[in-house]
Amino acid sequence: MSTEALTADRIASARARLQGVAHLTPVLRSHLLDDRYGVTLGLKAENLQRAGAFKFRGAYNLVSQLSERGKSRGVVTASSGNHGQAVALAAHMTGLAAHLVVPSDASAAKVAAAEAYGATVERVGPKSAERLQRAEALAAQHGWDYVPPYDHPEVLAGQATVGLEILSQVPDVDAILVPVGGGGLISGIATAVKATRPAVRVIGVEPEGSAAAFLSRQAGRRLAIPAGITIADGLRTVVPGELTFPIIERLVDDLVTVSDAAIVRALTLLLTHVKTLVEPSGAAAAAYAWQSPSPLAGAKVVAVLSGGNIDAAVLAQLLSA
Ligand SMILES: Cc1ncc(COP(=O)(O)O)c(C=O)c1O
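Note that the structure is predicted; figures quoted are calculated from it, not measured.

Caption draft 1: Region of interest: the site of the ligand. As a matter of local geometry, the ligand sits amid 20 residues, with Gly181, Gly184, Gly234, Ser306 and Gly307 nearest to it. Those elements that place two or more of their residues in the shell around the ligand are α4 (82–94), α8 (184–196) and α12 (280–289). Across the shell around the ligand, the residue classes tally to seven nonpolar, twelve polar and one charged. Here the shell around the ligand spans two domains, since at least three of its residues come from each of domain 1 (8–53 + 152–320) and domain 2 (55–146).

Caption draft 2: Spotlight on α8. In a regular helix each residue adds 1.5 Å, so 13 residues correspond to 18 Å; α8 covers 19 Å between its end C-alpha atoms and thus fits that length. In terms of burial, α8 is a largely internal element, ten of the 13 residues being buried. Among all positions of α8, only Gly184, Leu185, Ile186, Ser187, Gly188, Ile189, Ala190, Thr191, Ala192 and Val193 are buried.

Caption draft 3: View of the sheet that holds strand β10 (residues 300–305). With mixed pairing, the six strands of this open sheet are ordered in space as β1-β2-β10-β7-β8-β9. Two strands bound the open sheet, and with one partner strand each, they are β1 (27–28) and β9 (254–258). As paired strands, strand β8 (residues 201–207) and β9 are joined by five bridges and run parallel to one another. Counted as the bridge partner of Ile203 is Asp254 from β9.

Caption draft 4: Quick peek at the confidence of the model for the protein chain. Residues of the protein chain with pLDDT of at least 70 account for 99%, and the chain-wide mean is 95. Mean pLDDT values over the elements of the protein chain span from 87, in helix α5 (residues 108–116), up to 99, in strand β7 (residues 175–179).

Caption draft 5: Region of interest: the nonpolar core. Core analysis: the biggest nonpolar cluster contains 94 residues, and Leu177 and Ala286 have the highest contact counts within it. Considering every element that reaches this core, the biggest residue donor is α12, with seven residues. No fewer than three residues from each of domain 1 (8–53 + 152–320) and domain 2 (55–146) sit in this core. Ignoring anything within four residues of it in the chain, the contact list for Leu177 reads Ile203, Val205, Ala285, Tyr288, Ala289, Val301, Ala303 and Val304.

Caption draft 6: Region of the structure containing the domain arrangement of the protein chain. In terms of domains, the protein chain is made up of domain 1 (8–53 + 152–320) and domain 2 (55–146). Each of domain 1 and domain 2 was reduced to a C-alpha centroid, and the two centroids are 24 Å apart. In this complex, domain 1 contributes 25 residues to the contact, which on the side of domain 2 involves 16 residues. Listing elements by their share of the side of domain 1 that touches domain 2, those giving two or more residues are α1 (8–18) and α7 (153–169). The element that contributes the greatest number of residues to the side of domain 1 that touches domain 2 is α7, accounting for eight residues. Classifying every residue of the side of domain 1 that touches domain 2 by side-chain character gives ten nonpolar, ten polar and five charged.

Caption draft 7: Layout of the sheet that holds strand β4 (residues 98–102). If you trace the four strands from one edge of the open sheet to the other, you get β5-β4-β3-β6, paired in parallel fashion. Looking at the sheet topology across the chains shown, the edges are occupied by β5 (120–123) and β6 (145–146). Summarising the sheet, β4 and β5 pair through four bridges and their orientation is parallel. By the bridge assignment for β5, Leu100 is matched with Val121. Sheet strands in contact with α4 are β3 (75–77) and β4, and its direction is about 170° off that of β4.

Caption draft 8: Looking closely at the pairing of β10. Judged by how many residues are buried, β10 sits mostly within the fold: five of six residues are covered. Note that strand β2 (residues 40–45) and β10 share six bridges and pair parallel. Bridging across to β10, Leu41 finds its partner in Val301. As paired elements, β7 and β10 share three bridges and run parallel to each other. Along β10, the bridge assignment pairs Leu177 with Ala303.

Caption draft 9: Layout of the packing of α4 against α5. α5 packs onto α4 with a crossing angle of 15° between their chain directions and a minimal axis gap of 8 Å. Judged by the inter-axis angle, α4 sits roughly parallel to α5. Regarding α4 and α5, the two cross each other, and that crossing is left-handed. Here Gly84, Gln85 and Ala88 of α4 lie close against α5, whose contacting residues are Lys110, Ala113 and Ala114. Looking at the contact of α4 with α5 residue by residue, the classes come out as three nonpolar, two polar and one charged.

Definitions and limits used
Residues numbered from 1 in each chain as written. Predicted model: local features only at pLDDT ≥ 70, side-chain atom pairs only at ≥ 80, totals over all residues. Near = placed C-beta within 6 Å. Helix = DSSP H or I, 4+ residues; strand = E, 2+ residues; numbered from the N terminus. Nonpolar A, V, L, I, M, F, W, Y, C, P; charged D, E, K, R; others polar. Domains from an automatic or database assignment. Expected span 1.5 Å × (residues − 1). Buried ≥ 20, exposed ≤ 12 C-beta atoms within 10 Å, placed from the backbone. Pairing = 2+ DSSP bridges. pLDDT = per-residue confidence, 0-100. Core = buried A, V, L, I, M, F, W, Y, C linked by C-beta atoms within 7 Å. Contact = placed C-beta atoms within 7 Å. Axes fitted to C-alpha atoms, helices over the stretch in contact; angles between N-to-C directions. Parallel < 35°, antiparallel > 145°, perpendicular 65-115°, else oblique. Left-handed = near helix turned anticlockwise from the far one by under 90°.

Below is the structure:
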């Protein structure tokens, strides 16, 4: 892992690199839901980002630099989820080979999507530690570059561009709600936002069943929690990042939790009222704002809809429950 800092220069370079490559995603609104919950809520639609999640920003920012230097023989990562898809697409776009180490029960749809971007996929055991080990071994053996999901300054710089866009799209925003897994998205956003607008509150949202950052803050150190039980699969992190947790401690105003039931309700409201499809992890931030009464009543808030990748069968099950 690189220990270099996430600087304003790095974030500015990431923005330039992503210009015209990543989508400038819209901030969606529902006046009806604003009235119902008493909060003015903008929805930063990263579910409409390339490969269906904000993850493309960080992955492309790092992978394109590896490719430019002409020294990389290929990239490898240990994720079947949004990060894996993002690495596969970024490598495809920049002419590098990508290799994904995924769980043995990874969904066929996700594996097929990565393969469609030209990635090779290897299935390894149920435990994430085994996959990480295998990815690192492959990196050493073949001279491939390992692309971490959050603990790398160039990945964080890519995610930070979400924060810059929110400030220019909603200049009078009071608070930004961000879902937290390993903490890459919120570290990037908080660094970008606090540098120019320190009064804007940055609030991290985790599922009740997997609140590693919330519990770590209470403990005053990075805690490893038992594997989380939540439908928000992108937020099932067992320990906050080494690079991200100190940034969260320094810059994030508040860490809060939401129930899975609230996440499913928000996902349904996004579909029926906002006409946009998000995955459970992508609905967590909006779920926090849409409570009765809203903890942010009267404020002008933006919630990041961080991703929209969900299997049709899972969606059907959630909607019928
Ligand atoms: C849709 C979605 N939202 C949020 C996150 C959490 O991001 P981070 O690990 O950077 O905190 C993830 C992580 O995979 C994700 O896939």
